[in-house]
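Chain residues, written in single-letter form:
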Amino acid sequence: DAGITQSPRYKITETGRQVTLMCHQTWSHSYMFWYRQDLGHGLRLIYYSAAADITDKGEVPDGYVVSRSKTENFPLTLESATRSQTSVYFCASSVGGRAEAFFGQGTRLTVV
Amino acid sequence: AQSVTQPDIHITVSEGASLELRCNYSYGATPYLFWYVQSPGQGLQLLLKYFSGDTLVQGIKGFEAEFKRSQSSFNLRKPSVHWSDAAEYFCALFGNEKLTFGTGTRLTIIP
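Residues numbered from 1 in each chain as written. Chains lettered and ligands numbered in written order. Predicted model: local features only at pLDDT ≥ 70, side-chain atom pairs only at ≥ 80, totals over all residues. Heavy atoms only, no water.

Caption draft 1: Molecular detail of the overall build of chain B. A tally of helices and strands in chain B yields zero helices and twelve strands. If you list the helices and strands of chain B from N to C, you get β-β-β-β-β-β-β-β-β-β-β-β. The globule rule puts the C-alpha radius of gyration for 111 residues at 13 Å, and the 13 Å found for chain B is close to it. Overall size of chain B, expressed as C-alpha extent along the three principal axes, is 40 × 30 × 20 Å. Within chain B, contacts between residues at least 6 apart in sequence are counted, and of these 53% link residues at least 24 apart. (Helix = DSSP H or I, 4+ residues; strand = E, 2+ residues; numbered from the N terminus. Rg over C-alpha atoms; globule rule 2.2 N^0.38 Å. Contact = heavy atoms within 4.5 Å.)

See the structure below:
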C-alpha cells in the first residue's frame, strides 16, 4: 500500500534499553523527518534527511541516532532509553520546499 | 536559525463564531509556510500552504490564511467555526531543508 507507515504503533521499554522505531514511505520522497510530540512543546524536530545517506540534527537530537541507507526507510534509534524520551514520535516525508509533508500515524513510546 | 511561534496555547470559541489563530515566523528569506490540523489521537493533515504569489490562500474545510511579510505572520482564519473544528492547529515553515513547527494552538468549541 502506498503511504508512510510507522512501526510499532505502541512500545513499552525499560530504561537503558536500545529501541528502534521504523519509518517506511513508498513515494520515494527525498526528505524525511522525525519529530517527538509532547504536551506544551508541539512537534520538535529530532533529525531530518534530505536524501539517502544525508542526515542532520534537528532541535532535540541528543540520545537519538538515525540512518538512511535507502530512500524509503528512516529508522530512529534510542541508544539507551530514558524516561524523558517517553513521547509520541512522528515520522514524515516530503519532496521538500512548497510540497506537503505526509505523516505517519505515530508511535507512542513509554520508557519505564 | 528559523523558528515558528504560535502565541496562543489554547483558544475557546463559540460554534458559529469567527476564528483567528496567530502564527509568527523567523526566517531569512521568503518561507514556505503551512498550517496543519491534528484531531485527537490522529496524525497531521494539511489545511493550506503559502509559497509565493497571492498573500491570501484558501485551504480545505473553509479555512484561509494571510501572509504578511512586514509582520512575519501567517494567521489562520475561518469565518464560522463548526464543532468538528475542535483540534490542535500547527503552523510550520520549510527552510534550510527542514520543516519546523510551532508549539500548536488547541481549539475548543463551545455550543
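Now that the structure has been shown, the text picks up again.
Caption draft 2: Main features of the state of the cysteines. Here the structure, examined in full by the defined rule, presents two disulfides over all chains. Cysteine 23 of chain A shares a disulfide with cysteine 91 of chain A; S-S distance 1.8 Å. Looking down the S-S bond of the cysteine 23 of chain A and cysteine 91 of chain A bridge, the torsion is -75°, so its handedness is left-handed. Pair noted here: cysteine 23 of chain A is in strand 3 (residues 19-25) and cysteine 91 of chain A is in strand 9 (residues 87-94), with a separation of 68 residues, a long-range link. When its relative accessible area of 1% is taken as the criterion, cysteine 23 of chain A is described as buried. A sulfur-sulfur distance of 2.0 Å marks the disulfide that ties cysteine 23 of chain B to cysteine 91 of chain B. What sets the handedness of the cysteine 23 of chain B and cysteine 91 of chain B disulfide is the S-S torsion sign, and at about -65° it is left-handed. With cysteine 23 of chain B in the loop between strand 3 (19-21) and strand 4 (24-26) and cysteine 91 of chain B in strand 10 (residues 87-95), the pair connects residues that are 68 residues apart, well separated along the chain. A relative accessible area of 0% places cysteine 23 of chain B in the buried class. (Disulfide = S-S within 2.5 Å. Buried < 20%, exposed > 50% of the residue type's maximum accessible area, 1.4 Å probe, protein only.)

Caption draft 3: Region of the structure containing the nonpolar core. In terms of nonpolar packing, the biggest core is built from 26 residues, with Leu19, Trp35, Leu47, Leu48, Phe74, Leu76 and Tyr89 of chain B touching the most fellow members. Only strand 2 (10-14), strand 3, strand 5 (32-38), strand 6 (44-50), strand 8 (64-68), strand 9 (73-78), strand 10 and strand 12 (105-110) of chain B provide two or more residues apiece to this core. Sequence-distant contacts of phenylalanine 74 of chain B, that is, excluding residues within four places in its chain, are made with Cys23, Leu33, Phe34, Trp35, Leu48, Lys49, Tyr50, Val57, Ala65, Glu66, Phe67 and Cys91 of chain B. Ranked by size, the runner-up nonpolar core spans 21 residues in total, among them Leu45 and Val88 of chain A together with Phe34 and Leu46 of chain B. (Core = buried A, V, L, I, M, F, W, Y, C linked by side-chain atoms within 4.5 Å.)

Caption draft 4: View of the interface of chain B and chain A. Facing 19 residues of chain B, the contacting portion of chain A comprises 21 residues. Of the roughly 1,800 Å² buried between chain B and chain A, counting both surfaces, carbon and sulfur atoms make up 60%. The interface formed by chain B and chain A contains zero salt bridges. Remark: the boundary between chain B and chain A carries five residue pairs in polar contact (both at pLDDT 80 or more). If one sorts the elements of the side of chain B that touches chain A by residue count, strand 5 of chain B sits on top with four residues. Taken together, the residues of the side of chain B that touches chain A sort by class into ten nonpolar, six polar and three charged. (Buried area = accessible area lost by both parts, 1.4 Å probe. Salt bridge = Lys/Arg side-chain N within 4 Å of Asp/Glu carboxyl O. Polar contact = N/O pair within 3.5 Å; in protein donor to acceptor, adjacent residues only side chain to side chain. Nonpolar A, V, L, I, M, F, W, Y, C, P; charged D, E, K, R; others polar.)

Caption draft 5: Representation of the environment of glutamine 105 of chain A. Residue and element names in this part refer to chain A. For glutamine 105, the location among the structural elements is in the loop between strand 10 (102-103) and strand 11 (107-111). The class for glutamine 105 is partly exposed, based on a relative accessible area of 39%. Along the primary structure glutamine 105 and histidine 24 are separated by 81 residues, whereas in three dimensions their C-alpha atoms are 12 Å apart.

Caption draft 6: Local environment of the environment of isoleucine 12 of chain A. Residue and element names in this part refer to chain A. Relative to the helices and strands, isoleucine 12 resides in strand 2 (residues 10-13). Each C-alpha atom, one on isoleucine 12 and one on cysteine 23, is 18 Å from the other, the two residues being eleven residues apart in sequence. The residues touching isoleucine 12, leaving out its near neighbours within four places in the chain, are Thr110 and Val112.

Caption draft 7: Geometry of the sheet that holds strand 3 of chain A. Residue and element names in this part refer to chain A. An order of 1-3-8-7 is seen for the four strands of this open sheet, with the pairing classed as antiparallel. Here the strands that pair on one side only, and so sit at the sheet edges, are strand 1 (4-7) and strand 7 (64-66). Looking at each pair of strands side by side, their axes are set apart by 15° on average, direction ignored. Of the pairings in the sheet, the one linking strand 1 to strand 3 comprises four bridges and is antiparallel in character. Among the inter-strand pairings, isoleucine 4 is bridged to a residue of strand 3, identified as glutamine 25. (Pairing = 2+ DSSP bridges. Axes fitted to C-alpha atoms, helices over the stretch in contact; angles between N-to-C directions.)

Limitation: the analysis is restricted to geometry and does not speak to function.
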